Amino acid sequence: MRPVRLVAAALAFAVCTVASAASVRVAYAQVAPTPAGATAPTAQSTPEMRWRFDQCMGGITYGAPFKWALSYGGGMVYEGDRLDLCALAVAKVGLGGAGASLGLAKSFGSMGTGTAITGGIIRTFGDPLNASARRTYVGGAAHLWPLLALGGELGYYVRLGDGVGASSHGKQVITWSAGFGF
């Protein structure tokens, strides 16, 4: 079973890398050419011109229930004069499970600091940390990276699909992780 998990983690990393490169190519391909006679610089003064598709965050973390995990977050990025936002979709694959979530991230300053709020779904594998195996959870998390994208997350998820008389062990899970990215 371990080789399958390693292959899944390697595949997830490759998909994230390819998706990041493809999103950069798409963003550059959407830039409109400047007419030859135009000499005045075009100012991006309208808010809708500041939104672009890009990678918001990626990383490697350790925590519950994923154990070691790779993550990638990409979406619509707004870079303003005073505010930088990212409406993102996140994929996370680890040894103990996989997850997908949507959220909003905000960065502060130039030192790679920021916060994010996400809501999503987690599916655990055979040996998750502090959760029931082979179960689906839904919930949300708060993410904080205080310096150079080093930080962590704390979340609360509830198990789905329990029948009458099912075990209450692991029904609610406090998720956490620490590392580079989220």
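Relevant structure appears above.
Residues numbered from 1 in each chain as written. Predicted model: local features only at pLDDT ≥ 70, side-chain atom pairs only at ≥ 80, totals over all residues. Heavy atoms only, no water.

The helix and strand tally for the protein stands at 1 helix and 8 strands. Counting from the amino terminus, the protein carries its helices and strands in the arrangement α-β-β-β-β-β-β-β-β. Counting the 182 residues in the protein, one finds 34% classified as buried. The long-range share in the protein, meaning contacts at least 24 apart out of those at least 6 apart in sequence, stands at 47%. (Helix = DSSP H or I, 4+ residues; strand = E, 2+ residues; numbered from the N terminus. Buried < 20%, exposed > 50% of the residue type's maximum accessible area, 1.4 Å probe, protein only. Contact = heavy atoms within 4.5 Å.)

Moving on, we get to the packing of aromatic side chains. By the definition in use, this model includes 3 aromatic pairs. Judged by centre distance (5.3 Å) and plane angle (40 degrees), the rings of Trp51 and Tyr78 are tilted. A residue pair is termed long-range when its members are at least 10 positions apart, and Trp51 in strand β1 (residues 51-64) and Tyr78 in strand β2 (residues 67-79) qualify at 27 residues. Note on Tyr78: relative accessible area 15%, which makes it buried. The rings of Tyr62, Trp68 and Trp176 are connected pair by pair, giving a single aromatic cluster. (Phe/Tyr/Trp six-rings, centres within 6.5 Å; stacked < 30°, edge-to-face > 60°.)

So, about the side chain of Thr175. Along the chain, Thr175 falls in strand β8 (residues 172-180). Each residue touching Thr175, except ones within four places of it in the same chain, is listed here: Ala64, Pro65, Ile122, Glu153, Leu154, Gly155, Tyr156 and Tyr157.

Let's shift gears to the layout of surface pockets. The calculated volume of the second largest pocket comes to roughly 290 Å³. What lines the second largest pocket is a set of 20 residues, and nearest its centre among them are Cys56, Val77, Asp84, Cys86 and Ser107. At the level of elements, β1, β2, β3 (84-94) and β4 (97-108) are the ones that each hand at least two residues to the lining of the second largest pocket. Sorting elements by how many residues they give to the lining of the second largest pocket places β1 first, with 5 residues. Residue composition of the lining of the second largest pocket, grouped by class: 10 nonpolar, 5 polar and 5 charged. (1 Å grid on protein atoms, 1.4 Å probe; cavity = no way out; pocket = protein on both sides within 12 Å on 5 of 7 lines; lining within 4 Å. Points joined across faces, edges and corners; volume = space filled by probe spheres on them. Nonpolar A, V, L, I, M, F, W, Y, C, P; charged D, E, K, R; others polar.)

So, about the pairing of β3. One face of the sheet, then the other: side chains in a regular strand alternate in exactly this way. With 11 bridges joining them, β2 and β3 adopt antiparallel strand pairing. Looking across to β3, one finds that Ala69 is bridged to Gly94. Here β2 folds back onto β3, and the loop between the two strands holds 4 residues. Of the pairings in the sheet, the one linking β3 to β4 comprises 10 bridges and is antiparallel in character. Bridge assignment links Ala87 to a residue of β4, and that residue is Leu104. (Pairing = 2+ DSSP bridges.)

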